[in-house]
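Examination of the molecular architecture
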Amino acid sequence: MDRRSTLKILGAAWASPALAQRNQPPRSKPFRFGVTDVFLHDVAIPKWQDFLQTELRMPVQMIQKATYQEALEALRSDEMEAAWICGFPYVVARGFVRLCAQPGWHGQPWYQSYLITSAKRTAPHSLPGLKGDVFAFDDPLSNSGYLVPVVALRSLNQTPQNFFRATFFTYSLHKVVEAVASGLADSGTVDGYIWEVLQKNGSSSALKTRIVAKSRHYGFPPIVTRKNLDMGLHLRLQNALLQAQATQQGRALLQSLDLESFLLPQEAWFSGIQELTEILNGTHVPIPLSEIYESA
(Lines give C-alpha, C1' and ligand atoms only; values in the text may rest on other atoms or scores of the structure.)
Protein backbone atom coordinates (compact mmCIF):
# COMPACT_ATOMS: atom_id res chain seq x y z
CA MET A 1 0.00 0.00 0.00
CA ASP A 2 1.44 3.40 -0.91
CA ARG A 3 1.35 6.55 1.14
CA ARG A 4 -1.49 8.09 -0.86
CA SER A 5 -3.76 5.08 -0.27
CA THR A 6 -3.07 5.03 3.44
CA LEU A 7 -3.64 8.75 3.84
CA LYS A 8 -6.91 8.43 1.93
CA ILE A 9 -8.14 5.99 4.57
CA LEU A 10 -6.86 8.22 7.36
CA GLY A 11 -8.64 11.24 5.89
CA ALA A 12 -12.13 9.80 6.35
CA ALA A 13 -13.09 10.67 9.91
CA TRP A 14 -16.37 10.61 11.79
CA ALA A 15 -17.82 13.32 13.95
CA SER A 16 -17.53 13.06 17.74
CA PRO A 17 -19.47 10.08 19.17
CA ALA A 18 -22.90 10.72 20.65
CA LEU A 19 -23.22 10.65 24.41
CA ALA A 20 -24.82 7.58 25.98
CA GLN A 21 -28.44 8.03 26.97
CA ARG A 22 -30.26 6.20 29.73
CA ASN A 23 -33.49 4.31 29.19
CA GLN A 24 -32.98 4.08 25.45
CA PRO A 25 -35.83 2.49 23.47
CA PRO A 26 -35.18 -1.04 22.15
CA ARG A 27 -32.99 -1.05 19.06
CA SER A 28 -35.15 -1.83 16.03
CA LYS A 29 -32.24 -2.69 13.73
CA PRO A 30 -29.87 -5.59 14.36
CA PHE A 31 -26.42 -5.00 15.75
CA ARG A 32 -24.12 -5.72 12.80
CA PHE A 33 -20.80 -7.35 13.68
CA GLY A 34 -18.15 -7.79 11.01
CA VAL A 35 -15.78 -10.71 10.73
CA THR A 36 -12.76 -11.13 8.48
CA ASP A 37 -9.99 -13.65 7.98
CA VAL A 38 -8.98 -13.38 11.64
CA PHE A 39 -11.33 -16.32 12.14
CA LEU A 40 -9.94 -19.80 11.92
CA HIS A 41 -13.18 -21.43 10.78
CA ASP A 42 -16.86 -20.71 10.33
CA VAL A 43 -17.90 -22.69 13.40
CA ALA A 44 -17.04 -19.67 15.55
CA ILE A 45 -19.46 -17.36 13.72
CA PRO A 46 -22.72 -18.79 15.15
CA LYS A 47 -21.09 -18.82 18.58
CA TRP A 48 -20.33 -15.11 18.15
CA GLN A 49 -23.92 -14.46 17.14
CA ASP A 50 -25.43 -16.39 20.06
CA PHE A 51 -23.11 -14.75 22.57
CA LEU A 52 -23.70 -11.21 21.31
CA GLN A 53 -27.48 -11.61 21.06
CA THR A 54 -27.64 -12.86 24.64
CA GLU A 55 -25.35 -10.18 26.06
CA LEU A 56 -26.62 -7.21 24.04
CA ARG A 57 -30.27 -8.34 24.26
CA MET A 58 -30.95 -7.50 20.63
CA PRO A 59 -30.80 -9.18 17.22
CA VAL A 60 -27.27 -9.53 15.87
CA GLN A 61 -26.32 -9.89 12.22
CA MET A 62 -22.92 -11.34 11.40
CA ILE A 63 -21.36 -9.82 8.27
CA GLN A 64 -18.40 -11.50 6.60
CA LYS A 65 -15.97 -9.37 4.60
CA ALA A 66 -13.36 -10.72 2.24
CA THR A 67 -10.76 -7.98 2.84
CA TYR A 68 -9.80 -5.52 5.55
CA GLN A 69 -10.47 -2.66 3.15
CA GLU A 70 -14.07 -3.86 2.75
CA ALA A 71 -14.43 -4.05 6.54
CA LEU A 72 -13.17 -0.49 6.97
CA GLU A 73 -15.48 0.82 4.28
CA ALA A 74 -18.43 -0.92 5.95
CA LEU A 75 -17.57 0.69 9.30
CA ARG A 76 -17.09 4.09 7.69
CA SER A 77 -20.42 3.91 5.84
CA ASP A 78 -22.47 2.72 8.84
CA GLU A 79 -22.97 -0.73 7.33
CA MET A 80 -21.58 -2.28 10.52
CA GLU A 81 -21.43 -1.27 14.16
CA ALA A 82 -18.36 -3.28 15.10
CA ALA A 83 -15.79 -5.65 13.62
CA TRP A 84 -12.82 -7.82 14.45
CA ILE A 85 -10.03 -6.46 12.28
CA CYS A 86 -6.21 -6.34 12.25
CA GLY A 87 -3.87 -3.88 13.96
CA PHE A 88 -2.75 -2.29 10.68
CA PRO A 89 -6.32 -1.38 9.59
CA TYR A 90 -6.95 -0.03 13.07
CA VAL A 91 -3.89 2.23 12.94
CA VAL A 92 -4.85 3.73 9.56
CA ALA A 93 -8.53 4.08 10.49
CA ARG A 94 -8.26 5.67 13.93
CA GLY A 95 -10.19 8.66 12.61
CA PHE A 96 -13.45 6.72 12.42
CA VAL A 97 -13.07 3.63 14.64
CA ARG A 98 -12.36 3.16 18.33
CA LEU A 99 -10.85 0.26 20.25
CA CYS A 100 -13.37 -1.90 22.07
CA ALA A 101 -11.66 -5.10 23.23
CA GLN A 102 -8.44 -7.02 22.73
CA PRO A 103 -8.40 -10.81 22.43
CA GLY A 104 -6.00 -12.40 24.89
CA TRP A 105 -3.93 -15.18 23.35
CA HIS A 106 -2.10 -17.11 26.07
CA GLY A 107 -3.39 -14.34 28.32
CA GLN A 108 -1.39 -11.66 26.48
CA PRO A 109 -2.41 -8.96 23.93
CA TRP A 110 0.41 -9.89 21.55
CA TYR A 111 1.10 -12.02 18.51
CA GLN A 112 3.87 -12.39 15.94
CA SER A 113 4.21 -12.49 12.18
CA TYR A 114 5.77 -15.71 10.89
CA LEU A 115 7.74 -16.23 7.70
CA ILE A 116 7.04 -19.80 6.59
CA THR A 117 8.30 -22.17 3.93
CA SER A 118 7.92 -25.85 3.05
CA ALA A 119 8.83 -28.29 5.83
CA LYS A 120 10.88 -30.21 3.23
CA ARG A 121 13.09 -27.20 2.67
CA THR A 122 16.07 -27.33 5.03
CA ALA A 123 17.09 -23.73 4.29
CA PRO A 124 16.62 -20.76 4.60
CA HIS A 125 16.43 -19.61 8.21
CA SER A 126 16.06 -15.87 7.68
CA LEU A 127 14.38 -13.34 5.41
CA PRO A 128 17.45 -12.75 3.17
CA GLY A 129 17.43 -16.46 2.33
CA LEU A 130 14.00 -16.11 0.68
CA LYS A 131 15.39 -13.97 -2.14
CA GLY A 132 14.09 -15.17 -5.51
CA ASP A 133 11.12 -17.04 -4.03
CA VAL A 134 7.53 -16.99 -5.17
CA PHE A 135 6.04 -15.36 -2.09
CA ALA A 136 2.46 -15.37 -0.74
CA PHE A 137 1.05 -12.33 1.06
CA ASP A 138 -2.30 -12.26 2.85
CA ASP A 139 -3.96 -8.83 2.47
CA PRO A 140 -2.48 -5.39 1.70
CA LEU A 141 -3.87 -4.16 5.04
CA SER A 142 -2.64 -7.12 7.08
CA ASN A 143 0.08 -6.43 9.62
CA SER A 144 1.42 -9.99 9.81
CA GLY A 145 0.49 -10.86 6.24
CA TYR A 146 1.99 -7.83 4.48
CA LEU A 147 3.23 -4.88 6.54
CA VAL A 148 5.88 -6.66 8.62
CA PRO A 149 7.81 -8.36 5.76
CA VAL A 150 7.52 -5.38 3.41
CA VAL A 151 8.95 -3.00 6.01
CA ALA A 152 11.63 -5.58 6.82
CA LEU A 153 12.66 -5.53 3.16
CA ARG A 154 13.12 -1.76 3.47
CA SER A 155 15.91 -2.45 5.96
CA LEU A 156 17.62 -4.42 3.18
CA ASN A 157 16.99 -1.63 0.65
CA GLN A 158 14.68 -4.01 -1.17
CA THR A 159 11.08 -4.11 -2.35
CA PRO A 160 8.87 -7.16 -2.94
CA GLN A 161 9.12 -6.54 -6.68
CA ASN A 162 12.91 -6.75 -6.87
CA PHE A 163 13.50 -9.20 -4.01
CA PHE A 164 11.03 -11.98 -4.89
CA ARG A 165 10.65 -13.74 -8.22
CA ALA A 166 6.89 -13.25 -7.97
CA THR A 167 4.30 -12.38 -5.33
CA PHE A 168 0.55 -12.73 -4.94
CA PHE A 169 -2.19 -12.06 -2.37
CA THR A 170 -4.37 -14.89 -1.05
CA TYR A 171 -6.72 -12.64 1.00
CA SER A 172 -6.76 -15.43 3.56
CA LEU A 173 -4.17 -16.34 6.15
CA HIS A 174 -5.20 -19.97 5.90
CA LYS A 175 -4.67 -19.86 2.15
CA VAL A 176 -1.14 -18.53 2.65
CA VAL A 177 -0.39 -21.71 4.59
CA GLU A 178 -2.10 -23.83 1.93
CA ALA A 179 -0.20 -22.08 -0.87
CA VAL A 180 3.16 -22.79 0.76
CA ALA A 181 2.20 -26.37 1.67
CA SER A 182 1.07 -27.14 -1.87
CA GLY A 183 4.11 -25.58 -3.55
CA LEU A 184 2.11 -22.82 -5.20
CA ALA A 185 4.36 -20.46 -3.21
CA ASP A 186 7.91 -21.10 -2.02
CA SER A 187 7.33 -19.06 1.11
CA GLY A 188 4.86 -16.68 2.68
CA THR A 189 3.94 -14.57 5.66
CA VAL A 190 1.24 -15.45 8.15
CA ASP A 191 -0.29 -14.57 11.52
CA GLY A 192 1.50 -16.63 14.18
CA TYR A 193 -1.78 -17.17 16.04
CA ILE A 194 -3.35 -18.73 12.94
CA TRP A 195 -0.33 -20.93 12.18
CA GLU A 196 0.04 -22.14 15.76
CA VAL A 197 -3.62 -23.08 16.11
CA LEU A 198 -3.60 -24.84 12.74
CA GLN A 199 -0.57 -26.80 13.90
CA LYS A 200 -2.24 -27.60 17.23
CA ASN A 201 -5.32 -28.87 15.41
CA GLY A 202 -3.26 -31.07 13.11
CA SER A 203 -3.91 -29.19 9.87
CA SER A 204 -2.30 -31.16 7.03
CA SER A 205 -1.28 -27.91 5.31
CA ALA A 206 0.29 -26.41 8.43
CA LEU A 207 2.18 -29.63 9.12
CA LYS A 208 3.77 -29.34 5.67
CA THR A 209 5.26 -25.95 6.52
CA ARG A 210 7.88 -24.67 8.94
CA ILE A 211 8.81 -21.33 10.45
CA VAL A 212 11.68 -19.40 8.87
CA ALA A 213 11.58 -16.45 11.27
CA LYS A 214 9.30 -14.90 13.87
CA SER A 215 8.79 -11.16 14.17
CA ARG A 216 8.84 -9.16 17.36
CA HIS A 217 5.53 -8.94 19.21
CA TYR A 218 2.73 -6.67 17.96
CA GLY A 219 -0.74 -5.82 19.23
CA PHE A 220 -3.17 -8.69 18.62
CA PRO A 221 -5.94 -7.99 16.06
CA PRO A 222 -8.49 -5.89 17.98
CA ILE A 223 -12.26 -5.60 18.05
CA VAL A 224 -13.36 -2.07 17.16
CA THR A 225 -16.57 -0.07 16.86
CA ARG A 226 -17.31 2.84 14.56
CA LYS A 227 -16.66 6.12 16.33
CA ASN A 228 -20.14 7.53 15.84
CA LEU A 229 -21.77 4.53 17.54
CA ASP A 230 -23.73 5.43 20.65
CA MET A 231 -21.28 5.25 23.56
CA GLY A 232 -23.74 3.31 25.68
CA LEU A 233 -23.90 0.55 23.10
CA HIS A 234 -20.13 0.59 22.70
CA LEU A 235 -19.72 0.09 26.45
CA ARG A 236 -22.31 -2.70 26.53
CA LEU A 237 -20.35 -4.58 23.88
CA GLN A 238 -17.07 -3.90 25.65
CA ASN A 239 -18.39 -5.09 29.01
CA ALA A 240 -19.84 -8.24 27.46
CA LEU A 241 -16.48 -9.12 25.91
CA LEU A 242 -14.47 -8.35 29.03
CA GLN A 243 -16.79 -10.60 31.06
CA ALA A 244 -16.98 -13.41 28.48
CA GLN A 245 -15.19 -15.88 30.73
CA ALA A 246 -18.01 -15.62 33.24
CA THR A 247 -20.73 -17.10 31.01
CA GLN A 248 -21.15 -20.48 29.37
CA GLN A 249 -21.68 -18.93 25.93
CA GLY A 250 -18.67 -16.70 26.41
CA ARG A 251 -16.43 -19.58 27.39
CA ALA A 252 -17.67 -21.60 24.40
CA LEU A 253 -16.84 -18.69 22.10
CA LEU A 254 -13.36 -18.28 23.57
CA GLN A 255 -12.69 -22.00 23.31
CA SER A 256 -13.72 -22.06 19.64
CA LEU A 257 -11.21 -19.26 18.99
CA ASP A 258 -8.44 -20.80 21.13
CA LEU A 259 -8.38 -17.63 23.24
CA GLU A 260 -8.31 -17.20 27.02
CA SER A 261 -10.11 -13.90 27.43
CA PHE A 262 -10.80 -10.44 26.06
CA LEU A 263 -8.75 -7.59 27.52
CA LEU A 264 -9.29 -3.85 27.90
CA PRO A 265 -7.26 -2.47 24.97
CA GLN A 266 -4.51 0.12 25.23
CA GLU A 267 -3.28 2.41 22.47
CA ALA A 268 0.32 1.68 23.43
CA TRP A 269 -0.10 -1.92 22.27
CA PHE A 270 -0.22 -0.64 18.69
CA SER A 271 2.85 1.60 18.80
CA GLY A 272 4.94 -1.00 16.98
CA ILE A 273 2.43 -1.23 14.13
CA GLN A 274 2.24 2.56 14.04
CA GLU A 275 6.02 2.67 13.56
CA LEU A 276 5.85 0.14 10.71
CA THR A 277 3.06 2.14 9.06
CA GLU A 278 5.15 5.31 9.17
CA ILE A 279 8.11 3.49 7.62
CA LEU A 280 5.86 2.19 4.84
CA ASN A 281 4.57 5.71 4.19
CA GLY A 282 8.06 7.22 4.19
CA THR A 283 7.53 9.36 7.28
CA HIS A 284 9.89 7.28 9.44
CA VAL A 285 13.37 6.05 8.59
CA PRO A 286 13.80 2.27 8.15
CA ILE A 287 14.81 0.29 11.23
CA PRO A 288 17.29 -2.61 11.39
CA LEU A 289 16.07 -6.04 10.38
CA SER A 290 16.95 -7.31 13.86
CA GLU A 291 14.31 -4.96 15.30
CA ILE A 292 11.60 -6.56 13.16
CA TYR A 293 12.43 -10.27 13.17
CA GLU A 294 13.75 -12.14 16.20
CA SER A 295 15.76 -14.47 13.96
CA ALA A 296 16.67 -12.85 10.64
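Our subject in this report is the structure included herewith.

1. Notes on the overall build of the protein
Each helix and strand counted, the protein has 12 helices and 13 strands in total. Taken over 296 residues, the protein has a buried fraction of 54%. Taking all contacts inside the protein whose residues are at least 6 apart in sequence as the whole, residues at least 24 apart take part in 81%. Accessible area of the protein: about 12600 Å², with a carbon and sulfur share of 51%.

2. Observations concerning the pattern of salt bridges
Applying the stated criterion to the full structure yields 10 salt bridges. Notably, a salt bridge pairs R76 with E73, separated by 2.2 Å at the nearest N-O pair. With R76 and E73 both in helix α3 (residues 68–76) and 3 residues apart, this pair spans about one turn of that helix. On the accessibility criterion, E73 (33% relative accessible area) is partly exposed. Among the ionic pairs, K200 bridges to D258, the shortest N-O distance being 2.7 Å. Of the two residues, K200 sits in helix α8 (residues 192–200) while D258 sits in the loop between α11 (248–257) and β13 (261–263), which places them 58 residues apart along the sequence. For K200, a relative accessible area of 59% puts it in the exposed group. Salt bridges here are not isolated pairs; linked through shared partners, they connect R32, D78, E81 and R226.

3. Brief notes about the side chain of T189
Among the secondary structure elements, T189 is positioned in strand β9 (residues 187–191). Classification of T189 by relative accessible area gives buried; the value is 0%. Separated by 3.3 Å, the side chains of T189 and S113 make a polar contact.

4. Remarks on the packing of aromatic side chains
Within this structure, the stated rule accounts for 18 aromatic pairs. Taking 5.8 Å as the distance between ring centres and 50° as the angle between the ring planes, the aromatic pair formed by W48 and F262 counts as tilted. Highlighted residues: W48 in helix α2 (residues 44–56) and F262 in strand β13, separated in sequence by 214 residues. A relative accessible area of 0% places W48 in the buried class. Among the aromatic residues, ring-to-ring pairing joins F135, F137, Y146, F163, F164, F169 and Y171 into one connected group.

5. Side note on the sheet that holds β13
Across the sheet, which stays open at both edges, the 6 strands sit in the order β2-β1-β3-β12-β4-β13 with mixed pairing between neighbours. Both edges of this open sheet fall to β2 (60–64) and β13, since each of them pairs with a single strand only. Between one strand and the next, the sheet's axes are offset by a mean angle of 25°, whatever the strand orientation. By the bridge criterion, 5 bridges tie strand β1 (residues 31–35) to β2 in an arrangement that is parallel. Across the sheet, the residue bridging to R32 is Q61, located in β2.

About the thresholds
Residues numbered from 1 in each chain as written. Predicted model: local features only at pLDDT ≥ 70, side-chain atom pairs only at ≥ 80, totals over all residues. Heavy atoms only, no water. Helix = DSSP H or I, 4+ residues; strand = E, 2+ residues; numbered from the N terminus. Buried < 20%, exposed > 50% of the residue type's maximum accessible area, 1.4 Å probe, protein only. Contact = heavy atoms within 4.5 Å. Areas by Shrake-Rupley, 256 points an atom, 1.4 Å probe, with all protein chains shown as cover. Salt bridge = Lys/Arg side-chain N within 4 Å of Asp/Glu carboxyl O. Polar contact = N/O pair within 3.5 Å; in protein donor to acceptor, adjacent residues only side chain to side chain. Phe/Tyr/Trp six-rings, centres within 6.5 Å; stacked < 30°, edge-to-face > 60°. Pairing = 2+ DSSP bridges. Axes fitted to C-alpha atoms, helices over the stretch in contact; angles between N-to-C directions.

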